[in-house]
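Structural description and commentary
Listed below are the residues making up each chain.
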Amino acid sequence: MRSSSLFRQLLLSTTLTVYALFLSGIPAFAQTNSPVTIEGQVLDDKGAPLQGINVVIKGAQGGVATGADGSFTLQAPAGNATLVFSSVGYVTREVAVKGATKNLSIRLQSSTNTLNDVVVIGYGTQKKVNLTGSVENISSARLADRPVTQLSAALQGVAPGVTVTTTTGAPGSDAGTIRIRGIGTLNNANALVLIDGIEGNMNELDPNMIESISVLKDAASSAIYGSRAANGVILVTTKRARGEKLTITYNGYMGKQTPTNLPDKVDALDHMRLLNLAYRNTGLTPVFTDAQIEKYSQEMFNNPDEYPNTDWQEEVLKGSGLMQNHSVGISGSSGKLRFLTSLGYLKQDGIIKTSSYERYTLRNNADVKFSDKVSMKLDLQLINRNTTEPGRGMTNVFSQMNRIPATQLGRLTNGKWGEGWNGNNPIAMVEDGGFQKNNTLSLQGNLQLSYKPVHWLTADLVAAPRFVNAYDDNFVKAVTTYTGAGSVAFTQPAKSEKTNSNARSYYGNYRANVTADKDFGEHSIKWMVGASQETYYYSDFTAFRDNYLFPDYTVINAGDKSNQQTTGSATEWSLQSFFSRFNYNFMGKYLLEANARYDGSSRFAEGHKYGFFPSFSAGWRISEEHFMQDLRSVLTDLKFRASWGTLGNQNIGTNYGFVSSIALGSYAQNGQVVSLGALNDMNNEKITWETTTMTNVGVDLVLFKNLSITADWYRKITDDILLTLDIPLYIGLNAPVQNAGKVSNVGWELGVNYNGRAGKDFTYGINFNISDVKNKVLDLKGISASSLLQSREGYSINSIYGLEADGYFQSQDEIDNHATQVGVLAPGDIRYVNQNKDNIINDEDYKVIGSTIPRFTYGLNLNAAYKGFSFNAFLQGVGKANGYLYSYAIQPFYSGGTAHEQHKDYWTPENPNAVFPRLTYNDGGNNYQPSSFWMKNAAYLRLKNITLAYSLPISLISKWGMNALKVYVGGQNLLTRDKFWKGYDVETAVGTGNAYPQVKVYTVGLDIKF
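Brief notes about the overall build of the protein
- Counting its secondary structure elements, the protein contains 9 helices and 50 strands.
- Relative to the globule expectation of 30 Å for 1010 residues, the C-alpha radius of gyration of the protein, 32 Å, shows essentially globular dimensions.
- For the protein, the C-alpha atoms occupy an extent of roughly 100 × 65 × 65 Å along the three principal directions.
- Burial analysis of the protein (1010 residues in total) assigns 52% to the buried set.
- Within the protein, contacts between residues at least 6 apart in sequence are counted, and of these 69% link residues at least 24 apart.
- Taken as a whole, the protein presents about 44,200 Å² of accessible surface, with 55% of it coming from carbon and sulfur.

Considerations on the confidence of the model for the protein
- For the protein, the mean per-residue pLDDT works out to 88, and 94% of the residues sit at or above 70.
- Mean pLDDT values for the elements of the protein range from 42 in helix 1 (residues 2-25) up to 97 in strand 41 (residues 830-832).
- Between residues 1-33, whose pLDDT stays under 50, and residues either more than four places distant or in other chains, the model counts 33 contacts.

Re a positive patch on the surface
- Residues Arg 93, Arg 757, Lys 760 and Lys 867 make up a contiguous surface patch of positive charge.
- One can find Arg 757 in strand 36 (residues 737-758).

So, the sheet that holds strand 14 (residues 198-199)
- Spatially, the 5 strands line up as an open sheet ordered 10-15-16-13-14, and their pairing is mixed. In this open sheet, the two strands that pair with only one neighbour each are strand 10 (135-139) and strand 14.
- Where strand 13 (residues 192-195) lies against strand 16 (residues 233-238), 4 bridges are found, and the strand directions are parallel. Along strand 16, the bridge assignment pairs Ile 195 with Val 236.

Some points on helix 3 (residues 268-281)
- Taking 1.5 Å per residue as the helical rise, helix 3 with its 14 residues ought to reach 20 Å, and the 20 Å between its terminal C-alpha atoms agrees with that figure.
- Of all the 14 residues making up helix 3, 11 are buried; the element is thus mostly covered by neighbouring parts of the structure.
- If you check which residues of helix 3 are buried, you get Ala 268, Leu 269, Asp 270, His 271, Met 272, Leu 274, Leu 275, Asn 276, Leu 277, Ala 278 and Tyr 279.
- For helix 3, the elements touching its buried residues are helix 4 (290-299).
- Looking one or two places after helix 3, you find Gly 283, whose phi comes out positive at around 85°.

Quick notes on the pattern of salt bridges
- What the rule picks out here adds up to 36 salt bridges.
- Note that Arg 240 is salt-bridged to Asp 379, the shortest N-O span being 2.8 Å. Taken together, the residues Arg 240 in the loop between strand 16 and strand 17 (247-259) and Asp 379 in strand 21 (residues 374-390) connect sequence positions 139 residues apart.
- Salt-bridge contacts for Lys 477 lead to Asp 432; the nearest nitrogen and oxygen are separated by 2.7 Å. Taken together, the positions of Lys 477 in the loop between strand 23 (457-476) and strand 24 (479-482) and Asp 432 in helix 7 (residues 426-432) put the pair 45 residues apart, joining distant regions of the chain.
- Given a relative accessible area of 17%, Lys 477 falls into the buried group.
- By sharing partners, the salt bridges in this structure join Glu 315, Lys 318, Lys 353, Arg 411 and Glu 431 into a single network.

Quick look at the environment of Leu 409
- Secondary-structure assignment places Leu 409 in the loop between helix 6 (394-403) and helix 7.
- By relative accessible area, which is 6% here, Leu 409 ends up buried.
- When the C-alpha positions of Leu 409 and Thr 483 are compared, they lie 7.6 Å apart, and in sequence the two are 74 residues distant.
- Sequence-distant contacts of Leu 409, that is, excluding residues within four places in its chain, are made with Pro 304, Asp 305, Pro 308, Thr 310, Trp 312, Gly 418, Glu 419, Gly 420, Asn 425, Tyr 482, Thr 483 and Gly 484.

Structural notes on the packing of helix 3 against helix 4
- Two numbers describe how helix 3 lies on helix 4: the axes approach to 10 Å, and their chain directions differ by 170°. Of the possible angle classes, the one that applies to helix 3 and helix 4 is roughly antiparallel. Residues Ala 268, Leu 269, Met 272, Arg 273 and Asn 276 of helix 3 touch helix 4, and the partners they reach there are Gln 292, Ile 293, Tyr 296 and Ser 297.
- Its residues assigned to classes, the contact of helix 3 with helix 4 shows 5 nonpolar, 3 polar and 1 charged.

Quick word on the sheet that holds strand 4 (residues 71-76)
- If you trace the 3 strands from one edge of the open sheet to the other, you get 4-1-7, paired in mixed fashion. Two strands bound the open sheet, and with one partner strand each, they are strand 4 and strand 7 (101-107). Direction aside, neighbouring strands of the sheet carry axes that sit 30° apart on average.

Details of the layout of surface pockets
- Roughly 1,200 Å³ of internal volume is contained in the second largest pocket.
- Contributions of two or more residues to the lining of the second largest pocket are made by strand 12 (177-180), strand 13, strand 14, strand 21, strand 22 (434-454), strand 23, strand 26 (497-520) and strand 27 (523-546).
- At 6 residues, the largest contribution of residues to the lining of the second largest pocket is made by strand 22.
- Here the residues of the lining of the second largest pocket sort into 17 nonpolar, 22 polar and 9 charged.

Quick look at the side chain of Ser 442
- Its place among the elements puts Ser 442 in strand 22.
- Owing to a relative accessible area of 4%, Ser 442 belongs among the buried residues under this scheme.
- Dropping the residues within four chain positions of it, Ser 442 is found in contact with Glu 204, Gln 381, Leu 382, Ile 383, Phe 467 and Val 468.

Section: empty space enclosed by the protein
- Applying the stated rule across the entire model yields 10 cavities of 30 Å³ or more.
- Counted as a void, the largest cavity has a volume near 190 Å³.
- Taken together, 18 residues form the lining of the largest cavity, with Val 148, Asp 174, Gln 972, Asn 973 and Gln 998 sitting closest to its centre.
- Elements supplying a minimum of two residues to the lining of the largest cavity: strand 48 (964-978) and strand 50 (999-1009).
- Classifying every residue of the lining of the largest cavity by side-chain character gives 6 nonpolar, 10 polar and 2 charged.

Examining helix 6
- Most of helix 6 is tucked away: 8 of the 10 residues are buried.
- Three or more residues of helix 6 are buried, namely Met 394, Val 397, Phe 398, Ser 399, Gln 400, Met 401, Asn 402 and Arg 403.

Things to note about the nonpolar core
- Core analysis: the biggest nonpolar cluster contains 31 residues, and Leu 885, Trp 934, Phe 980 and Trp 981 have the highest contact counts within it.
- Breaking this core down by element, the ones donating at least two residues are strand 39 (799-802), strand 41, strand 42 (847-851) and strand 45 (882-885).
- If we skip the residues at most four places from it in the chain, Phe 980 touches Gly 883, Tyr 884, Leu 885, Lys 936, Asn 937, Ala 938, Asp 985, Val 986, Thr 988 and Ala 989.
- Core analysis: the next-biggest nonpolar cluster, separate from the first, contains 26 residues, Ala 170, Ile 404, Val 430 and Tyr 996 among them.

Remarks on the pairing of strand 30 (residues 610-621)
- Judged from the 11 bridges that link them, strand 29 (residues 590-601) and strand 30 form a sheet pairing that is antiparallel. Bridge pairing links Tyr 590 to Trp 620 in strand 30.
- Two elements, strand 30 and strand 31 (residues 635-649), share 7 bridges in a ladder whose sense is antiparallel. Note that in strand 31 the partner of Arg 621 across the bridge is Lys 639.

Definitions and cut-offs
Residues numbered from 1 in each chain as written. Predicted model: local features only at pLDDT ≥ 70, side-chain atom pairs only at ≥ 80, totals over all residues. Heavy atoms only, no water. Helix = DSSP H or I, 4+ residues; strand = E, 2+ residues; numbered from the N terminus. Rg over C-alpha atoms; globule rule 2.2 N^0.38 Å. Buried < 20%, exposed > 50% of the residue type's maximum accessible area, 1.4 Å probe, protein only. Contact = heavy atoms within 4.5 Å. Areas by Shrake-Rupley, 256 points an atom, 1.4 Å probe, with all protein chains shown as cover. pLDDT = per-residue confidence, 0-100. Patch = residues over 30% accessible without salt bridge, like charges linked within 9 Å, V, L, I, M, F, W, Y side chains within 5 Å. Salt bridge = Lys/Arg side-chain N within 4 Å of Asp/Glu carboxyl O. Lys, Arg positive; Asp, Glu negative; His and termini not counted. Charge placed at Lys NZ, Arg CZ, Asp CG, Glu CD. Pairing = 2+ DSSP bridges. Expected span 1.5 Å × (residues − 1). Axes fitted to C-alpha atoms, helices over the stretch in contact; angles between N-to-C directions. Parallel < 35°, antiparallel > 145°, perpendicular 65-115°, else oblique. Nonpolar A, V, L, I, M, F, W, Y, C, P; charged D, E, K, R; others polar. 1 Å grid on protein atoms, 1.4 Å probe; cavity = no way out; pocket = protein on both sides within 12 Å on 5 of 7 lines; lining within 4 Å. Points joined across faces, edges and corners; volume = space filled by probe spheres on them. Core = buried A, V, L, I, M, F, W, Y, C linked by side-chain atoms within 4.5 Å.

Below, the structure is given as structure tokens:
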């Protein structure tokens, strides 16, 4: 509560300060006495306003640019005039006007011939036509109208080589895991994310503030970031003020969430019948007699307390699922000062009552031009996030909800809690089991001073601190449950527990760089050199008490002191870097680029701190050659690219593994608490960076000005991956980490984009991308694990390891003539392949049976516009992957759980090709062994988003004081085609069925610009 109050005070004071500066510093715009005034608005194919479009009078000098709402005002001589509308990425259009004109509405067609578009790269920008590395640029238009709460999820399927997996729809936790060109390490494989040049969390941003996103995929484009770029780099650029007019925008939507998949559990009577069959098949006496089942069928409607038929999913999933997002932007300029202030609010209520996510955002981007030589950017961002879930956690709730039989009591008719399963009642967990609350407040500043002594030389100084404070308030309430007769059954947990923790982190980023950009006739040279210093400090403190006599009073002091506990820790690291990039361009045909970075990290010992990371790339625009000129009407552009470079990774899971650290603790001796220290882990002074070497070749092709094709092939080898290797036991310490592993990723990417027009008012576009990567572990120094998911030499990371199933035993003779398996076997049990022919199925018969790393990831975006209407559909999918469910998720009656409707398709002599083996209970585990039987195809095609929008005519909304008004309806995750297990989301491909499901989202939105 205190953080929320602080946020509101800061938000109010900052807003008032901005407006005061604006009102005091911006003079009234002068009015000219030109005889003719032309006013209007420029829109894109879909009817959305276009900002920054150049509007000039043909044959005259000067002109204006459209504002944020697409509007423009132009003074013209009296009489007839021709206006020319132009901008990079759009087809130039000329419009004849006569005399003074108001409410002029102009639509521009987008062009895929975006060769002169400016793309954000490391520490600068570059024209797309001159790129020699593999860079994917994603504009804000490609992310618009998608109701995502986390920006990372919006990148799913939009760029080749970028794989995003979303495994949960839980409020505040539905971010996507991003992998760029595969997984190259056994440690942290996350991409480096930079927001306006500063490392940050993209999921904190309001998506409405995004101008563009650049994904740096190969070594040529990423090596400028050296030791942090091995997993790829994502550059997020936020919007800045444009135009001279004061503009106000509003973007908002309301949505409703529903689960995409839930397992269809059997009711009480079917549970009893199927459980009896499982007992009989296992040689046990059935639990229920026929008379008991008959009586149950009669009494469960009249006496539900003692004869329950609980629909656990219906009782637990009673959250509203409503979500809303609102964003207000204000931008303006006084000539010397430009500012854009954005206020955002997001509220997402879960599909269970006590789950929610709330985010407040305030961002102010200011640009100050002191003179033609000196300018400044000052950005401030304040974000407050609040997440709430049940006290015992989402995982526990969904695990119990999907496993407890319908015969167990959930809620008595008098309102008391039923006993659930040994006192674990997920309904009570949600509504009466306490809470887990997290409040995270982050403040980010970014100050950049630029000095341009001559037109070809620029010097930049950057200081960008970030402060984050995270406060966790967790209370697990002891809940008493009752039998159907009304007597006390259990109290779970035995005591109420309270944990408070507070964590603070400070990140400092300081940089200086100089860029020279000069032409010498047909030669162009651009050279940048710089240095940076990054620091990070983190500390936390935790307090614990239990045995709360008054569970409604949940402060720490209200708990019992006898078992109170406190813990705390701190850590820090720093990174010092020197970097340089050199670009050479001859006649716009021959392109060369060289990058180099020299990094020093505090995570490594003297002699191993610094690493050098170079890269080289070249490009040949063969379409500019003289012998290609006859093809220019067909072949607009053709460029070949090639690159090689090395990258590093310092996110190796340990900060100071090169030193011997003492573990501190306490021990009870003779009735007294004694403090102690122990040396538990062996150190390794020689650990250093993981190093990735990447080779890339690519081609960029533009045909007929509106069809563009990009293709790449790459090979990425990561060496010196940190592993824990075996050491002699007599050393008496845990083994240290060593630079020992090696992984390769080889893949290709293809992107195709086409924009067309049919008639005067109908436009359409198709964007398709597909990529593939083969991941292989090359060296682990012989180590292996025995888990379901493991990394083994010759196979991909996190491969599925188990027995190879070979159908069912159909007779006792088959069992007698087969290798010995676990448990007492009978026809209908799963048969396994005896890999080593030793007549026994054991650990020696396990093998790699599948891979969890997605292959052939693809995305298809379709859009069309007709007058004020626009339509967009986005499909995304994976062509090849394996998934594996086990335990309560899919195995009937596992450890006392229930069954699903799909389990009714079980093996019998009359149904020998059933989906599931014969029903058994606690049979020694033959059918529950890790095997390919429980592995499923995890390939899928998903309708990720669909939107229908209408932009009202400017002639109508101008009467209301608006410059643009768009309404739209949309849906997210509406349809999925896959062959995975029924009731489970294919992206959560490995697990026990305890995950918060993905959600469908139905939205209605409104965009307004004044």
